[in-house]
Amino acid sequence: MSRWKELPAELHPDVSQLIVRLRRLKDRGELGTRQLAAKTGYSARSWQRYLNGRSLPPREAVEAMARIGGDDPSRLLVLHEIAAEHWAQGREAATPAPESAPAAPVPAPPTERQPYGRYAPALVAVGAVALVLSVSASVLLAVRLADARTALADERASTVMATPSTASESLVPVVYTCRLEQRDGRWYAGLSRTTDTILAYTHVGPMVAEAQCLLRRAGIPPGDIDGVFGPNTQRAVQRIQTRDGLVVDGVIGRHTWKALREAAPK
């Protein structure tokens, strides 16, 4: 069992709950950060930041950890969605507010020798400057908050787009065509040029079909080139992992992609 450091006290309870779940999955699988990096495609330093509460893990990393640890990805992704909301709110609250304008010096009351009307234009000018500075500070704070929300939305959108879809009962069968070509010592089948997207059981789409084409070219038939990561494809992935001395988990990650794209036909 790993000895974990205490999480930062300023973390929201929902963020802490997500990190604790990820720690338990790591301990259950008796995995080090280097092994996590090999299985998920995220560096060991990134996992150290995620598991110590210094950075929020992306959705794809959480989903990969769930599959590796044998947990239900849907439940863990719900926790991640809630934690992301609180994480964003924490970042907005930590944004320093602009310093307020220094109070303008108030002129001394007029004496009989210095009539009040002499200072009236100066007082009006000082009040106008203070009003302009106050409005500018409010606008600047609103712009920073809007930028933070936009950045979080873009990050979520890119993460969702990079995640392969999974099989469902309404899936329509598709037959893909392999158009093999070699460029710079690597093989491609014309369906995807990815080298690090994580593919696992029940995933579907062109990236799965790309892997199936490369498995067939390497002499390990995965069955039909239908873009469905089923039992036949999983067994074929395990065979090439065994052949090339990789971790045999039936999941296509960065190292398995490298083996597929550089493998010589057997």
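Thresholds applied
Per chain, residues are indexed from 1 in the order of the written sequence. In view of the model being predicted, local features appear only for residues whose pLDDT reaches at least 70, and side-chain atom pairs are presented and counted only at 80 or more, with totals across whole chains, interfaces and linings using the full set of residues. Excluding hydrogens and water, the side-chain figures rest on all heavy atoms present in the structure. A run of H or I in DSSP becomes a helix once it reaches four residues, and a run of E becomes a strand once it reaches two; helices and strands are each numbered from the N terminus. Under the scheme applied here, a residue whose accessible area is under 20% of the maximum for its type counts as buried, over 50% as exposed, and between as partly exposed, the area being computed with a 1.4 Å probe on protein chains only. Residue contacts follow a heavy-atom distance rule, with two residues in contact if any of their heavy atoms lie within 4.5 Å. Residues enter patches when their relative accessible area tops 30% and they take part in no salt bridge; the joining distance is 9 Å for like charges and 5 Å for the nonpolar side chains Val, Leu, Ile, Met, Phe, Trp and Tyr. To measure how exposed things are, a 1.4 Å probe is used in the Shrake-Rupley method; for residues, cover is taken only from the protein chains shown. Here, a salt bridge means any Lys or Arg side-chain nitrogen found within 4 Å of an Asp or Glu carboxyl oxygen. Put simply, a nonpolar core is a bunch of buried Ala, Val, Leu, Ile, Met, Phe, Trp, Tyr and Cys residues held in one set by side-chain atoms that sit within 4.5 Å of each other. Within a predicted model, pLDDT stands for the predictor's per-residue confidence, ranging from 0 to 100. For this analysis, a polar contact is any N or O atom pair within 3.5 Å, provided that within protein one partner can donate a hydrogen and the other can accept it, and provided that sequence-adjacent residues contribute only side-chain to side-chain pairs. Pairs of cysteine sulfur atoms within 2.5 Å are what we label disulfides. To estimate the expected span of a helix, count its residues, drop one, and scale the result by 1.5 Å. Every axis corresponds to a line fitted to the C-alpha atoms, with the helix fit spanning only the stretch in contact, and the corresponding angles, defined between N-to-C directions, vary from 0 to 180 degrees. Put simply, angles under 35 degrees are roughly parallel, angles over 145 are roughly antiparallel, angles from 65 to 115 are roughly perpendicular, and the rest are oblique. For a crossing to be left-handed, the near helix must be turned anticlockwise from the far one by less than a right angle; the clockwise case is right-handed. All residues other than Ala, Val, Leu, Ile, Met, Phe, Trp, Tyr, Cys, Pro, Asp, Glu, Lys and Arg, Gly among them, are scored as polar; the first ten of these are nonpolar and the last four charged.

1. So, the overall build of the protein chain
- For the protein chain, the helix and strand inventory stands at nine helices and four strands.
- Each helix and strand of the protein chain, ordered N terminal to C terminal, gives the series α-α-α-α-α-α-β-β-β-β-α-α-α.
- Counting all 266 residues of the protein chain, 35% fall into the buried class.
- For the protein chain, contacts bridging at least 24 residues in sequence account for 56% of all contacts bridging at least 6.

2. Topic: a nonpolar patch on the surface
- Judged by side-chain polarity, Leu-131, Val-135 and Val-139 come together as a nonpolar surface patch covering roughly 280 Å² of accessible area.
- Locating Val-139 in the fold gives a position in helix α6 (residues 120-161).

3. A word on the nonpolar core
- The biggest cluster of nonpolar side chains holds 24 residues, and the ones touching the most others in it are Leu-18, Leu-22, Trp-47 and Leu-76.
- With six residues, the single largest contributor to this core is helix α5 (residues 73-94).
- Leu-18 has contacts with Leu-56, Leu-76, Leu-79, His-80 and Ala-83, leaving out every residue within four places of it along the chain.

4. Quick word on the confidence of the model for the protein chain
- Averaged over all residues, the pLDDT of the protein chain is 80; the fraction at 70 or higher stands at 76%.
- For the protein chain, α6 is the element with the lowest average pLDDT, namely 67, and helix α7 (residues 206-217) is the one with the highest, namely 96.
- The low-confidence segment residues 156-161 (pLDDT under 50) makes six contacts with residues lying over four places distant or belonging to another chain.

5. Focus on the side chain of Asp-71
- Relative to the elements of secondary structure, Asp-71 occurs in the loop between α4 (59-69) and α5.
- A polar side-chain atom of Asp-71 sits 2.8 Å from a polar atom in the side chain of Arg-21.
- Excluding residues that lie within four positions of it along the chain, Asp-71 makes contacts with Arg-21, Leu-25 and Ala-66.

6. With respect to the side chain of Gln-241
- Positionally, Gln-241 belongs in helix α8 (residues 231-243).
- Here Thr-256 takes part through its side chain, which lies 3.1 Å from a polar atom of the side chain of Gln-241.
- Apart from the residues lying within four places of it in its own chain, the contact partners of Gln-241 are Leu-246, Val-247, Val-248, Asp-249, Gly-250, Val-251 and Thr-256.

7. Digging into the state of the cysteines
- What the rule picks out here adds up to one disulfide.
- There is a disulfide in this structure between Cys-178 and Cys-213, and the S-S distance comes to 1.9 Å. Looking along the S-S bond of the Cys-178-Cys-213 disulfide, the torsion reads about -80 degrees, which is the left-handed sense. You can see Cys-178 sitting in the loop between β1 (165-166) and β2 (181-183) and its partner Cys-213 sitting in helix α7, a full 35 residues away along the chain.

8. Some thoughts on helix α1 (residues 13-28)
- With 16 residues, α1 extends 22 Å from end C-alpha to end C-alpha; this agrees with the ideal 22 Å at 1.5 Å per step.
- If you check which residues of α1 are buried, you get Val-15, Ser-16, Leu-18, Ile-19, Leu-22, Arg-23, Leu-25, Lys-26 and Asp-27.

9. Brief notes about α8
- In a regular helix each residue adds 1.5 Å, so 13 residues correspond to 18 Å; α8 covers 18 Å between its end C-alpha atoms and thus fits that length.
- Taken together, the buried residues of α8 touch α7 and α9 (254-262).
- Once α8 finishes, Gly-245 follows within two positions and takes phi at roughly 70 degrees, a positive value.

10. Section: the environment of Thr-233
- Among the secondary structure elements, Thr-233 is positioned in helix α8.
- Along the sequence, Thr-233 and Tyr-201 sit 32 residues apart, while their C-alpha atoms lie 8.4 Å from each other.
- Other than its neighbours up to four places away in sequence, Thr-233 contacts Gln-212, Leu-215, Pro-222 and Val-228.

11. Some remarks on the packing of α1 against α4
- Running from N to C, α1 and α4 cross one another at 40 degrees; their axes reach a closest spacing of 9 Å. Between α1 and α4, the angle falls in the class oblique. In the crossing of α1 with α4, the sense of the turn from one axis to the other is left-handed. Residue-level inspection shows Leu-22, Leu-25, Lys-26 and Arg-28 of α1 in contact with α4, the latter providing Val-62, Met-65, Ala-66 and Gly-69.
- Looking at the contact of α1 with α4 residue by residue, the class counts come to five nonpolar, one polar and two charged.

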